Amino acid sequence: MSSLVLREEVASAARRLAHEGLLVGTSGNVSCRSADVVAVTASGVTLAGCRPEDVTVVSLTGEVVEGELRPTSELSLHLGLYADTDTATAVVHTHAPWSTAIACVLEELPVLHYQQLLLGGTVRVAPYATFGTPELAILVREALTGRQAALMANHGSVSIGATLEAAVENALLLEWLAALHHRASALGTPRVLTAAEQEDVVLAALSRGYGTVHPHKETDE
Ligand SMILES: [Zn+2]
C-alpha cells in the first residue's frame with residue numbers, strides 16, 4: 001500500500017471515530033501498519049478534521065519517514081503493540097466517554113453480552129500510569145494479552161485489529177459494551193455470562209461460520 005493511501009485511510013478512520021463521538025477534540029490516536037512502516041495520527045491534531053498531512057509515517061522503531069508533524073505522544077504504545085503481535089495491523093486509542101468512565105471505576109469489564117467475546121472475553125483495565133510513558137505502554141500491552149481491546153485506568157481505551165476497520169469496529173463495540181454495563185448497573189446488579197455460556201457462544205458462532213463476521217452485520221438475533 002502506498003504511504004499516501006495509508007495516511008488517508010488512517011485520517012478517514014480518525015474522522016469516523018470522531019464522528020461517532022469516540023475521539024473528542026485532539027484526544028486519542030489511530031495508527032495502521034503496512035510492511036515495515038506505521039502511519040499514525042500526529043500530536044495536537046483535531047481528529048474530526050484529520051487530513052492525510054495530519055498523519056505521520058514512522059519506521060517500526062519510531063523514526064519519522066514521511067510527514068511534517070510530530071507523531072502522537074502515545075507512539076511507544078502503538079509500536080509496542082505491533083512488536084507484540086504479527087496479527088494486529090491497526091491500533092485505536094480513545095478517550096471515549098463510556099469506556100473512560102468504566103475505566104475510572106472497574107478493574108475489568110465482565111461479559112454481560114455475548115458480543116464481547118469478539119474482543120476475547122473480559123476486558124481488563126490496565127493500571128494507571130502517566131500518558132505517553134513506557135510504563136503505560138507496558139501495562140496496556142499486558143492487559144491486551146489474548147484480547148482485541150483493553151481499558152486504561154482513568155484514561156481511555158485501546159483496541160487492535162487485523163485490519164484498520166476491525167480496530168475501529170472493536171473500539172466502537174467496546175464503547176457500546178461500556179455503555180451497556182452502565183445502563184444495566186443503573187437498573188440493578190447485571191448478570192454475567194458464565195464460562196459455560198460463553199463457551200456455548202463460541203461453539204455456536206463457529207458452527208454458523210460467524211467467526212469472521214462482525215455482529216453488527218448479523219440479522220437473525
Ligand atoms: Zn490518551
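Below or above, wherever it landed, is the structure these notes cover. In this numbering scheme, every chain counts its residues from 1 along its sequence in written order. Note on the predicted model: pLDDT of at least 70 is required for a residue's local features to be given, and 80 or more for side-chain atom pairs to be given and counted; whole-chain, interface and lining totals, by contrast, use all residues. As a rule here, side-chain values come from all non-hydrogen atoms in the structure, and water together with hydrogens is ignored.

### Things to note about the sheet that holds strand β4 (residues 64-66)
Any two strands are treated as partners once DSSP identifies two or more bridges connecting them. Helix and strand definitions here come from DSSP, where helices need a minimum of 4 consecutive H or I residues and strands a minimum of 2 consecutive E residues; each element is numbered from the N-terminal end. Sheet architecture is open: nine strands sit in the order β4-β3-β2-β1-β5-β9-β8-β7-β6, paired in mixed fashion. Because the sheet does not close on itself, it has two edges, and the strands there are β4 and β6 (108-109). In the sheet, strand β1 (residues 29-34) pairs with strand β2 (residues 37-41) via four bridges, with the strands oriented antiparallel. Paired with Cys32 across the two strands is Ala39, which belongs to β2. Any two residues having at least one pair of non-hydrogen atoms within 4.5 Å are treated as being in contact. Throughout, an axis means a line fitted to C-alpha atoms (over the contacting stretch in the case of helices), and angles, computed between N-to-C directions, take values from 0 to 180 degrees. Across the sheet, helix α2 (residues 75-84) lies against β1, β2, β3 (55-59), β5 (90-94), β8 (149-152) and β9 (156-161), angled at about 35 degrees from β1, the strand it touches most.

### Examining the state of the cysteines
We call a pair of cysteine sulfur atoms a disulfide whenever their separation is within 2.5 Å. The full count for this structure, using the stated rule, is zero disulfides. With no disulfide partner, Cys50 has as its closest neighbouring cysteine sulfur the one in Cys32, 13 Å distant. Note on classification: 1.4 Å probe, protein chains only; a residue is buried when its accessible area is under 20% of the maximum for its type, exposed when over 50%, partly exposed between these limits. Under the relative-accessibility criterion, Cys50 is labelled buried at 1%.

### Points about the coordination of the zinc ion
A 2.8 Å cut-off from the metal defines N, O and S donors, relaxed to 3.2 Å for Na, K and Ca; water is not in the atom list, so some sites may appear incomplete. Only His93 (NE2), His95 (NE2) and His155 (NE2) from the protein reach the zinc ion as donors, at distances of 2.1 Å. Along the chain, the residues donating to the zinc ion fall in the pattern H-x1-H-x59-H. Judged by its relative accessible area of 31%, His95 falls in the partly exposed class.

### Some remarks on the environment of Val111
Following the sequence through the fold, Val111 ends up in the loop between β6 and β7 (123-126). When its relative accessible area of 1% is taken as the criterion, Val111 is described as buried. Remark: the alpha-carbon pair of Val111 and Val192, spanning 81 residues in sequence, is separated by 5.7 Å. Apart from residues no more than four positions distant in its own chain, Val111 is found in contact with Gln116, Leu117, Gly121, Thr122, Val192, Leu193 and Gln198.

### A few points about the side chain of Glu74
Looking at where Glu74 falls in the secondary structure, it is placed in the loop between β4 and α2. A residue counts as positive if it is Lys or Arg and as negative if it is Asp or Glu; His and the chain ends are not included. Salt-bridge detection follows one rule: a side-chain nitrogen of Lys or Arg within 4 Å of a carboxyl oxygen of Asp or Glu. It turns out Glu74 is buried and unbridged, and the closest side chain with the opposite charge, Arg141, is 11 Å from it. A polar contact is formed between the side chain of Glu74 and the backbone nitrogen of Gly132, at a distance of 3.2 Å. Once you skip the residues sitting within four places of it in the chain, Glu74 turns out to touch Asn29, His93, Phe131, Gly132, Leu136 and His155. We define a polar contact as two N or O atoms separated by no more than 3.5 Å, with the added condition that, inside protein, one atom must be a possible hydrogen donor and the other a possible acceptor, whereas residues neighbouring each other in sequence contribute only through side-chain atom pairs.

### Some remarks on the side chain of Asn170
Looking at the element boundaries, Asn170 is found in helix α5 (residues 164-187). For Asn170, a relative accessible area of 8% puts it in the buried group.

### Details of the nonpolar core
What makes a nonpolar core is a set of buried Ala, Val, Leu, Ile, Met, Phe, Trp, Tyr and Cys residues whose side-chain atoms join them at distances within 4.5 Å. In this structure, Val10, Leu17, Leu23, Val30, Cys50, Val92 and Leu164 are the most contacted members of the largest nonpolar core, which totals 26 residues. Going through the elements one at a time, α1 (3-19), β1, β3, β5 and α5 are the ones with two or more residues in this core. Here the element with the most residues in this core is α1; it accounts for seven residues. Of all hydrophobic cores here, the second largest spans 21 residues; its members include Val40, Leu79, Val140 and Ile160.

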